[in-house]
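Structural overview for review
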Amino acid sequence: MRQRGWVNAALGVVVAAGILGAAVRFWPASEAGATVIAPPSRVVDPSVPEAKLLDSVLSVEGWRDFGNPVGFAYVPKSRPPGLTDLTPGNPPDLTGGSHRGSGNGALLDAYHLEVDGRRVMVAVEFSAGPTSTCADVAGLTAATCVRDDKPITPEPDDVALRHTTAYLTADSAAALTSAEAEAAKRFWATAPFVPVTEATWFTDLLVRAEAAVQK
């Protein structure tokens, strides 16, 4: 149960990260009652296509430019099918500390997809070696591990990024059993990961996001 609890905690962290992101954007430090050390707030015009995705890309890049990345050092080489937004799995430390580390020591990135009209989350862990995650989700009906012990090539200089694990989770088992869901599993099981600066799909989204920032 302790290990299973880590998986549930990881999902909770992803949700919390989104809440914290909103806090950084919309709650000034004076109103929040504490000093918030974070990049300047920039928000994409909600009327533009894929605004939610563009907003999440802009936030990820904003933290990177700020010198304290919230993850996504490596991403799939091609754009994930059905992608709707990105969420740092290790929630931003608003006191200025490092975001690195999670319940099992892994760095966690979350990708939200729409699969056959259902929402599916893909959690990608980067770690120095194998974690217990795949064993933890083995008995769950609405989660499935699709990748383990598939390192990035060439190896990153940072040893904490050399082991890749990925699992899909949804609100029901049915969301993970359709033909579209099976295609998503194959993508995440086999997609090569590259430095985010080499992923043209991410760069293209960032260009669109920068052009759509609310003035």
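Above this text is the structure in question.
Keep in mind that this is a model prediction, so the values were computed, not measured. (Residues numbered from 1 in each chain as written. Predicted model: local features only at pLDDT ≥ 70, side-chain atom pairs only at ≥ 80, totals over all residues. Heavy atoms only, no water.)

So, the overall build of the protein chain
Within the protein chain one finds six helices and seven strands. In sequence order, the secondary structure elements of the protein chain are arranged as α-α-α-β-β-β-β-α-β-β-α-β-α. Across the 215 residues that make up the protein chain, the buried fraction comes to 47%. For the protein chain, the share of sequence-separated contacts (at least 6 apart) that also reach a separation of at least 24 residues comes to 68%. Element-wise, carbon and sulfur atoms account for 57% of the exposed surface of the protein chain, whose accessible area totals about 10,300 Å². (Helix = DSSP H or I, 4+ residues; strand = E, 2+ residues; numbered from the N terminus. Buried < 20%, exposed > 50% of the residue type's maximum accessible area, 1.4 Å probe, protein only. Contact = heavy atoms within 4.5 Å. Areas by Shrake-Rupley, 256 points an atom, 1.4 Å probe, with all protein chains shown as cover.)

Points about the pairing of strand β6 (residues 163-170)
Burial analysis of β6 places eight of its eight residues in the buried class, which makes it a mostly covered element. Burial along β6 is two-sided: the residues H163, T165, Y167 and T169 and T164, A166, L168 and A170 are all buried. Looking at chain direction, strand β4 (residues 118-127) and β6 are connected through eight bridges and run antiparallel. Directly across from F126, in β6, lies its bridge partner T164. Of the pairings in the sheet, the one linking strand β5 (residues 143-147) to β6 comprises four bridges and is antiparallel in character. Paired with T144 across the strands is L168, a residue of β6. (Pairing = 2+ DSSP bridges.)

Observations concerning the pattern of salt bridges
This structure, assessed with the given rule, holds eight salt bridges. A salt bridge links R42 to E210; its shortest N-O distance comes to 2.7 Å. Of this pair, R42 sits in the loop between α2 (29-32) and α3 (51-66) while E210 sits in helix α6 (residues 200-211), placing them 168 residues apart in sequence. Classification of E210 as partly exposed rests on a relative accessible area of 33%. Here the residues in one salt-bridge network are E50, R79 and R208, joined through shared partners. (Salt bridge = Lys/Arg side-chain N within 4 Å of Asp/Glu carboxyl O.)

Comments concerning the nonpolar core
The biggest cluster of nonpolar side chains holds 49 residues, and the ones touching the most others in it are Y111 and W188. Looking at this core element by element, the count peaks at seven residues for α3. Judged by nonpolar contacts, the second largest core, of seven residues, contains A110, M121, V137 and Y167. (Core = buried A, V, L, I, M, F, W, Y, C linked by side-chain atoms within 4.5 Å.)

Points about helix α5 (residues 179-190)
The first and last C-alpha atoms of α5 sit 17 Å apart over 12 residues, in line with the 16 Å expected at 1.5 Å per residue. Packed against the buried residues of α5 are β1 (74-76), β3 (107-115), β4, β5, β6 and β7 (193-195). (Expected span 1.5 Å × (residues − 1).)

Looking at the side chain of D109
Assignment of secondary structure puts D109 in strand β3. Of the buried charged residues, D109 lacks a salt bridge, with R64 as the closest side chain of opposite charge at 7.8 Å. A polar atom in the side chain of D109 sits 3.1 Å from the backbone nitrogen of F72. Those residues in contact with D109 that lie beyond four places of it in its chain are V70, G71, F72, Y74, T87, G89, V122, A123, V124 and F126. (Lys, Arg positive; Asp, Glu negative; His and termini not counted. Polar contact = N/O pair within 3.5 Å; in protein donor to acceptor, adjacent residues only side chain to side chain.)

Observations regarding the environment of P130
Relative to the helices and strands, P130 is located in the loop between β4 and α4 (133-137). Classification of P130 as exposed rests on a relative accessible area of 65%. Through-space distance from the C-alpha of P130 to that of K150 is 9.8 Å; in sequence the pair is 20 residues apart.

Focus on the side chain of D85
Within the element layout of this structure, D85 appears in strand β2 (residues 83-88). The class of D85 is buried, set by a relative accessible area of 6%.

Focus: the state of the cysteines
One pass over the full model with this rule turns up one disulfide. Between the sulfur atoms of C134 and its disulfide partner C145 the distance amounts to 1.8 Å. Of this pair, C134 sits in helix α4 while C145 sits in strand β5, and the two are 11 residues apart along the sequence. With relative accessibility at 18%, the residue C134 sits in the buried group. (Disulfide = S-S within 2.5 Å.)

Points about the packing of aromatic side chains
Evaluation of the coordinates by the stated rule reveals six aromatic pairs. Between F187 and W188, the ring centres sit 5.3 Å apart and the planes meet at 80°, which makes this aromatic pair edge-to-face. As far as the burial class goes, F187 and W188 line up, both buried. When the ring of W201 is compared with that of F202, the centres are 5.9 Å apart and the planes differ by 80°; the resulting orientation is edge-to-face. (Phe/Tyr/Trp six-rings, centres within 6.5 Å; stacked < 30°, edge-to-face > 60°.)

Remember that the coordinates give geometry; whether it matters functionally is a separate question.
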